[in-house]
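Descriptive structure summary
The lines below spell out each chain.
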Amino acid sequence: MGQGHSHAPPDSRRRLAVVLALTVTVLVVEVVGAVVSGSLALLADAAHMLTDVAGLSMALVVAAIVRRPPSDTHTWGLRRAEVLGAAAQATLLLAVGGFVLVEAVRRLDEPAEVTGSAMLVFGAVGLLGNVVGMTILAAGGREHHDLNMRAAYLEVVADALGSVAVIVAAVLVATTGWDRADPVASLVIVALIVPRTLHLLRETTHVLLEATPRGLALADVRARLLAHDHVREVHDLHVSSVATGLPTLTAHLVVDDSCFHDGHLATLLDQLQAALADDFDVAHSTLQFERAGHAAHEHDLHP
């Protein structure tokens, strides 16, 4: 027995498309700047922005495909593509971070000549583009609260911080001639990339392994179900996520035999599913009602 719910996500595709176009433009500018100035920090920030282009592209694709209805072959639509894309992005980010880290350490030992003025100009252009992107995404803050848009906003914020690091390094190189400021700024950018990447990888792995959603205690869910007068036992209780913001629950409930005779099961189902949605924000639940003793016919493989 179950219940379906439809929660259409807000249409944020236009904002994401504009910010993606801005990010691509800034990426090209920073690559040119890295070649002209010889700055590793600019190249590191450009590599960071390349991964953000992938992330924003995925966000744009997700914003489109999550609106597609389920089908016989994809009963949840294509929501899981969001998680797979995030895992791929995290892997790419780690690879980029590792490369920049190794190169930055090498340049600390053997500083390369950097043109501070050119580095400053291109870094400022990057920062301007990021600030515009942040403004566009923040403008819909009250309308768009989905995790997809929040992740996109954080991508652009991290880009802006990377551009600030480039500008600071450029000023130091131009005013003091300290070329090591460039690899130091690169290390700062790596410090911005890696923790966010590890967190992203942890979250995607958590979903792909169908672990219990973070912040939801299975013991509390079990206790809430057992708190109902007619529920005697809960087993085969599973809670996982199809994608971010889409937790699902299945459970077998042993209920009073009288519920099978007095027509109470329909009311019981409504009450329990409403409690799961209100107390735990689990709107997609499937509950199987059983008589006492039915569990003896099942394999004891689940909690």
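Before going into details, it helps to say that this report is about the structure given with it. (Residues numbered from 1 in each chain as written. Predicted model: local features only at pLDDT ≥ 70, side-chain atom pairs only at ≥ 80, totals over all residues. Heavy atoms only, no water.)

Some details on the overall build of the protein
Across its full length, the protein carries 8 helices and 5 strands. Residues classed as buried in the protein amount to 43% of the 303 residues present. Considering only contacts within the protein whose residues lie at least 6 apart along the sequence, 75% involve residues at least 24 apart. Counting every atom, the protein has about 15,100 Å² of accessible surface; 63% of that belongs to carbon and sulfur. (Helix = DSSP H or I, 4+ residues; strand = E, 2+ residues; numbered from the N terminus. Buried < 20%, exposed > 50% of the residue type's maximum accessible area, 1.4 Å probe, protein only. Contact = heavy atoms within 4.5 Å. Areas by Shrake-Rupley, 256 points an atom, 1.4 Å probe, with all protein chains shown as cover.)

Details of the side chain of E290
Along the chain, E290 turns up in strand β5 (residues 284-290). Despite its burial, E290 pairs with no opposite charge, the nearest such side chain being R291 at 10 Å. (Lys, Arg positive; Asp, Glu negative; His and termini not counted. Salt bridge = Lys/Arg side-chain N within 4 Å of Asp/Glu carboxyl O.)

With respect to the environment of T204
Relative to the assigned elements, T204 resides in helix α6 (residues 181-208). With relative accessibility at 5%, the residue T204 sits in the buried group. Between the alpha carbons of T204 and A86 there is a distance of 6.7 Å; along the sequence they are 118 residues apart. Residues within four places of T204 in sequence aside, it is in contact with V83, A86 and A87.

Examining the pairing of strand β4 (residues 247-255)
Of all the 9 residues making up β4, 8 are buried; the element is thus mostly covered by neighbouring parts of the structure. Bridging between strand β3 (residues 231-241) and β4 involves 8 bridges; their strand directions are antiparallel. Residue pairing for β4: V239 is matched across the bridge by L249. Pairing analysis gives 7 bridges linking β4 to β5, with the strands arranged parallel. Each bridged residue has a counterpart across the sheet, and for A251 the counterpart in β5 is L287. Assessed by its sense of winding, the connection that carries the chain from β4 through helix α8 (residues 265-280) to β5 is right-handed. (Pairing = 2+ DSSP bridges. Right-handed = clockwise from strand over helix to strand, strands pointing away.)

Topic: the packing of helix α3 (residues 80-109) against α6
Across the interface, α3 lies against α6 with an axial gap of 8 Å and an inter-helix angle of 155°. Judged by the inter-axis angle, α3 sits roughly antiparallel to α6. The hand of the α3/α6 crossing is left-handed. Residue composition of the contact of α3 with α6, by class: 21 nonpolar, 5 polar and 3 charged. (Axes fitted to C-alpha atoms, helices over the stretch in contact; angles between N-to-C directions. Parallel < 35°, antiparallel > 145°, perpendicular 65-115°, else oblique. Left-handed = near helix turned anticlockwise from the far one by under 90°. Nonpolar A, V, L, I, M, F, W, Y, C, P; charged D, E, K, R; others polar.)

Quick word on the packing of helix α1 (residues 13-37) against helix α4 (residues 116-138)
The contact between α1 and α4 brings their axes to 9 Å, and the two run at 170°. Judged by the inter-axis angle, α1 sits roughly antiparallel to α4. Where α1 approaches α4, its residues R15, L16, V18, V19, L22, V26, V29, E30, V32, G33, V36 and S37 are matched on the opposing element by A118, M119, F122, V125, G126, G129, V132, G133, I136 and L137. Residues belonging to the contact of α1 with α4 are distributed by class as follows: 15 nonpolar, 5 polar and 2 charged.

Quick notes on α8
With 16 residues, α8 ought to run about 22 Å at 1.5 Å a step, and its terminal C-alpha atoms sit 22 Å apart, in line with that. Every buried residue belonging to α8 is among L265, L268, L269, L272, Q273, A275 and L276, and all of these are buried. Buried residues of α8, viewed axially, fall in a sector of 155°; they line one side. Opposite the buried face of α8, by more than 90 degrees, sit the exposed residues A266 and D278. One or two positions beyond α8, positive phi appears at D281, with a value near 60°. (Expected span 1.5 Å × (residues − 1). Arc of directions from axis to C-beta.)

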